[in-house]
Amino acid sequence: MPKLRFGKGGQPLTDSNLLLVITVSIFAAMYIISMIAFGGGFLNPQQFLNLFNENASLIVLACGLSIVMVTAGIDISVGGVTALVTVCCAVHLQGQGGNVPASLILALAIGVAFGLIQGLLVAYLDVQPFIITLAGMFLARGAATMVEVNPITVTHAGFAALRKIEIRIPGIGYYAKNGNFINSKIELGVIIALIVLIAVFAMFKWTRFGRNLYAIGGNSQSALMLGINIKRTKFFAYLLCGGLAGLGGFIYLLHTGSGAVTQATGTEMKAIAASIIGGFLLSGGVGNILGTLFGVISLVTINNIVVSMGLKGPWWQGITTGAMLCFFIVLQSIIMSRRNGGKAVRPIWMRKSREIGS
Amino acid sequence: MPKRKALMQRYAQLLIPLLSLLAVIVINLIVNPAFFTLALRVNNAGNSVFAGNIISILDNGSELAILAIGMTLVTAATGGQDISVGANIAIAGGVVLRVLCGNEAAPASLHAPIIVAFLACCAVAMLFGAFNGMLVSVFKIQPMIATLILYTAGRSIGYWVGGGQIAKISDPFFSYFGGFIPGVPIPTPIIITIACIAAIVLALRFTTLRLYTQSVGINEKSARLNGLNPLWIKFLTFLIIGVCVAISGFIKVSRMSTVNYSSIAQDIEMDAILAVAIGGNALGGGKFSIGGSILGAYTIQALMVTLYSMPGVTSESIRFYKALVIILLVSISSPVVKNGVSKIRMLRKKDIAREVV
């Protein structure tokens, strides 16, 4: 297979960017085809923006997971932490009459605490990340039930005002039934999520820490020989992921306005799936954070398509999501093996240095 | 002396699960001396059966122990885990219900013999195992990601296969598999588990299964150079876990005589992986000990029963305490702590040697 060449210098496309291009083009194709085939809601810019409005917290969580996954790790506690954060913040705002800044700090503190413990155990005690973050998930969900079993709706005045903040985009919108032009809106959570996304992108691209993450995920042995402090880098990756999970939980509460133990069930797997669709490999060292964003919106667009196709059975969403995941995963596998000269994808320690990195 | 050393090394892996099981037992005995009393009671069906916490641990831990067998083999050969077992149990349950009940929600008589239902659910579970196995072996996808597909879709597929309804089986013979056979005082799941353990032990003893899975897990490339087919062996482990899923799914359906697709065997994949880890097996593949995993499974079950019997622990908050114990266990058995302990022991030996000199 001839190497794809792009831009100046004719440099071959890196693995990360190739996977990003695939994800973006498949999302674009999927969306354009549904615009033509179903019309209706898909032509409404508000429905497109709702993909973001409803999944702002998932974007933040998936960013955190991408950071961990690029180091060849995993964190499945993020959904549990989200639930714990929604419950704790709701209790703080509603039951104890707290204020909004304190609740945000509380959310971040919970997330950072989880990231701290998991990071310490994974990086310095060399424990399997899967097991320890699994325990983290149990811990968070269990703790949430101990804080409050019943769902709480937050009616706190300051928080309600914060929830109402929305940005109308001039020029883009739709005509309501009475003929008025309504500008499309995005919620506050989306702004935060996009800021996080840009920050993580910049971190991956231009900071030493970000490059170190790719290095230890690609080949931790040679990273060690280059003088990178693997343990500290891993620790901060988990810490960051925990902090983002806390922030994601706050955004989740901002969107739904209620705290409950059952919130964000299965979100950890959704976030992992989004990162995978976005081009992150679980073996580490490969991935582009912009892909994660497209992973999230592809994952939810498929649900909209299922609804538009009129498949009413409650099982269709699960099955189509699985099928799409299957398609992406197999596609990635085939492309990666074709790039490696028709052979199977080689394990981390056998890859050439060119193949590692962004 | 060398023989003893080899034996020690072989069983050193079982130390952590054994110790943790022992710790759970001792704590129980201190808190409640009557915890392990075994009683012969007459149950609703008029059979005299054993009852007590030990029986309940062994009984309810059956599914987990059976799954732990398959999970150990998958872990050993592929260096990854199958996270779709819970969802596959939902599919297997859906198949059992569909075969036995057809389209009726509560049939008066079964539509097919039970053995047919079992074979069908075995076939379907192996088919989905084969799907996972193909993704892992042929397409070289990491097991956790490959099985994420079925993890996402499995429960929906189960609901679909089951005909979109939650049927209920009222046949008494069907309930024997998750309850008691008349005249036998031991719960049937325990007997089934013992049969499964015996089968795997015999297979490991008399076939090359152990050797081949371990060599593929330790170094796939050299296994291939030595004439093994790593693809087939990885595929085979996924077929075996398919059978394990079918058996434990069948027990699970028989216990409840129905299937709740969204909640049947929830989080069991996590517990099964945990059992493998507590059993001292490396999650990165290679050498394995089935005994360790089974002990791990019963340790988890014993822990759950113990936690339930503690005052102030509700069914909601049990996960919190479980997580604390897991974190403690995993930290103790982490490589860093192990190395530290062996270093201290080495130092002590040196000191003793110096004193002797």
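Residue positions are given per chain, counted from 1 along the sequence in the order it is written. Just so you know, chain letters begin at A and ligand numbers begin at 1, following the order they were written in. Selection of residues for local features in this predicted model requires a pLDDT of at least 70, selection of side-chain atom pairs for listing and counting requires 80 or more, and totals for whole chains, interfaces and linings are taken over all residues. Based on all heavy atoms of the structure, the side-chain values leave hydrogens and waters out of the count.

## Topic: the overall build of chain B
Test applied: A helix here means a DSSP run of H or I that spans at least four residues, while a strand means a run of E at least two residues long, and both kinds are numbered starting from the N terminus. The quantity called the radius of gyration is restricted to C-alpha atoms. Its globule counterpart is 2.2 Å times the number of residues to the power 0.38. Type-normalised accessible area, obtained with a 1.4 Å probe on protein chains alone, sets the label of each residue: buried when under 20%, exposed when over 50%, and partly exposed for intermediate values. Residues count as neighbours in contact if any of their non-hydrogen atoms are within 4.5 Å of one another. Accessible surface area values rest on a Shrake-Rupley calculation with a 1.4 Å probe, where residue burial reflects the displayed protein chains alone. The charge count includes Lys and Arg as positive and Asp and Glu as negative, but it does not include His or the ends of the chains. Throughout, a charge is located at the NZ atom of Lys, the CZ atom of Arg, the CG atom of Asp or the CD atom of Glu.
Within chain B one finds 15 helices and two strands. Taking 2.2 N^0.38 as the reference for a compact globule, 357 residues should give roughly 21 Å; the C-alpha atoms of chain B span a radius of gyration of 22 Å, in line with that estimate. In terms of overall dimensions, chain B has a C-alpha envelope of 85 × 55 × 35 Å along the principal axes. Per-residue burial over chain B gives 49% buried out of 357 residues. For chain B, restricting intrachain contacts to residue pairs at least 6 apart in sequence, the fraction spanning at least 24 positions comes to 73%. Accessible surface for chain B amounts to roughly 16,600 Å². Of this, 67% is attributable to carbon and sulfur atoms. The centroid of the 26 positive side-chain charges in chain B is displaced by 14 Å from the centroid of its 12 negative side-chain charges.

## Here we look at the pairing of strand S4 (residues 166-175) of chain A
Residues and elements named next belong to chain A. Just so we agree on the cut-off: Strands pair, by our definition, only if DSSP identifies at least two bridges between them.
Sheet topology note: the S4/strand S5 (residues 181-187) ladder contains seven bridges and is antiparallel. For Glu166, the partnering residue across the bridge sits in S5 and is Glu187. Taking the residues between adjacent antiparallel strands as the criterion, S4 and S5 are bridged by five residues, where Gly179 takes a positive phi near 95°.

## Some words on the interface of chain B and chain A
Our working definition: Summed over both partners, buried area is the accessible surface (1.4 Å probe) that two parts give up on being assembled. The term salt bridge refers to a side-chain nitrogen of Lys or Arg lying within 4 Å of a carboxyl oxygen of Asp or Glu. We call two N or O atoms a polar contact when they sit within 3.5 Å, provided that within protein one can donate a hydrogen and the other can accept it, with sequence-adjacent residues counted only if both atoms are side-chain atoms. Following the grouping adopted for this structure description, the nonpolar residues are Ala, Val, Leu, Ile, Met, Phe, Trp, Tyr, Cys and Pro, the charged ones are Asp, Glu, Lys and Arg, and the polar ones are all others, Gly among them.
Contacts between chain B and chain A engage 44 residues on the former and 41 residues on the latter. Approximately 3,900 Å² of surface area, both sides summed, lies buried where chain B meets chain A, with 84% of it carried by carbon and sulfur atoms. For the pair chain B and chain A, the interface holds zero salt bridges. Applying the counting rule to chain B against chain A returns zero residue pairs in polar contact (both at pLDDT 80 or more). Ranked by the residues each element gives to the side of chain B that touches chain A, the list is headed by helix H7 (residues 143-161) of chain B, at 11 residues. Residue composition of the side of chain B that touches chain A, by class: 30 nonpolar, eight polar and six charged.

## Points about the environment of Phe128(B)
Residue and element names in this part refer to chain B. Mapped onto the fold, Phe128 is located in helix H6 (residues 114-137). Through-space distance from the C-alpha of Phe128 to that of Gly242 is 7.1 Å; in sequence the pair is 114 residues apart. Ignoring sequence-local partners within four residues, the contact set of Phe128 consists of Asn88, Ile91, Leu150 and Ile157.

## Section: the domain arrangement of chain B
When the parts come together, some accessible area is lost, and that loss is often what is quoted as the size of the interface. Residues and elements named next belong to chain B. The condition that has to hold: Residue ranges assigned to the domains are those given by an automatic or database domain assignment.
By domain assignment, chain B separates into domain 1 (62-288) and domain 2 (314-357). Just the C-alpha atoms count here: the centres of domain 1 and domain 2 sit 33 Å apart. Carbon and sulfur atoms supply 63% of the area that domain 1 and domain 2 bury against each other, a total of about 310 Å² over both sides. At the junction of domain 1 with domain 2, the criterion picks out two salt bridges.

## Describing the nonpolar core
Rules: Among buried residues, the Ala, Val, Leu, Ile, Met, Phe, Trp, Tyr and Cys ones that are joined through side-chain atoms within 4.5 Å form a nonpolar core.
Counting 179 residues, the largest nonpolar core has Phe130(A), Phe204(A) and Ile272(A) as the members making the most contacts within it. Per element, the largest residue contribution to this core is 15 residues, and it comes from helix H2 (residues 45-70) of chain A. Residues Ile57(B), Ala302(B), Val305(B) and Leu307(B) belong to the second largest nonpolar core, which totals 12 residues.

## Details of the packing of aromatic side chains
Stated formally: The pairing test for Phe, Tyr and Trp rings, Trp by its six-membered ring, is centres within 6.5 Å, and the orientation test on the planes gives stacked under 30 degrees, edge-to-face over 60, and tilted for anything in between. When the NZ atom of lysine or the CZ atom of arginine is within 6 Å of a ring's centre and also within 35 degrees of its normal, the charge is said to sit over that ring.
According to the stated counting rule, one finds 22 aromatic pairs over all chains in the structure shown. Here Phe159(A) and Phe250(A) contribute two aromatic rings whose centre-to-centre distance is 6.1 Å and whose plane-to-plane angle is 85°, an arrangement assigned as edge-to-face. Note that Phe159(A) is positioned in helix H6 (residues 157-164) and Phe250(A) in helix H10 (residues 230-256), a separation of 91 residues in sequence. Under the relative-accessibility criterion, Phe250(A) is labelled buried at 4%. By the ring-pair criterion, three or more aromatic residues cluster together here, those being Phe27(A), Tyr31(A), Phe38(A), Phe42(A), Phe48(A), Phe52(A) and Phe294(A). Note that Arg210(B) overlies the ring of Phe288(B), its terminal NZ or CZ placed 4.9 Å from the centroid.

## Quick notes on the environment of Val200(A)
Residues and elements named next belong to chain A. Its place among the elements puts Val200 in helix H7 (residues 188-206). Accessibility expressed as a relative area gives 6% for Val200, which makes it buried. Considered as a pair, Val200 and Ile289 are 89 residues apart in the sequence and their alpha carbons are 7.3 Å apart. Residue contacts for Val200: discarding those within four places in its chain leaves Cys63, Ile67, Leu244 and Ile289.

## Notes on a nonpolar patch on the surface
All names here are of chain B. Note the threshold: The patches described consist of residues with a relative accessible area above 30% and no salt bridge, like charges being joined within 9 Å and nonpolar side chains (Val, Leu, Ile, Met, Phe, Trp, Tyr) within 5 Å.
The grouping of Leu15, Leu19, Leu22, Val26, Ile27, Ile30 and Val31 at the surface amounts to a nonpolar patch, some 670 Å² of accessible area in total. Its location among the elements puts Ile27 in helix H2 (residues 15-31). Given a relative accessible area of 42%, Ile27 falls into the partly exposed group.

## Section: the pattern of salt bridges
Residue and element names in this part refer to chain B. Evaluated as defined, the whole model comprises eight salt bridges over all chains. Where Glu63 meets Lys252, a salt bridge forms, and the shortest distance between an N and an O atom there is 3.8 Å. With Glu63 in helix H4 (residues 62-78) and Lys252 in helix H11 (residues 230-256), the pair connects residues that are 189 residues apart, well separated along the chain. For Glu63, a relative accessible area of 2% gives the class buried. With a shortest N-O distance of 3.7 Å, Asp267 and Arg319 are connected by a salt bridge. Taken together, the positions of Asp267 in the loop between H11 and helix H12 (268-278) and Arg319 in helix H14 (residues 318-332) put the pair 52 residues apart, joining distant regions of the chain. A relative accessible area of 19% places Asp267 in the buried class.

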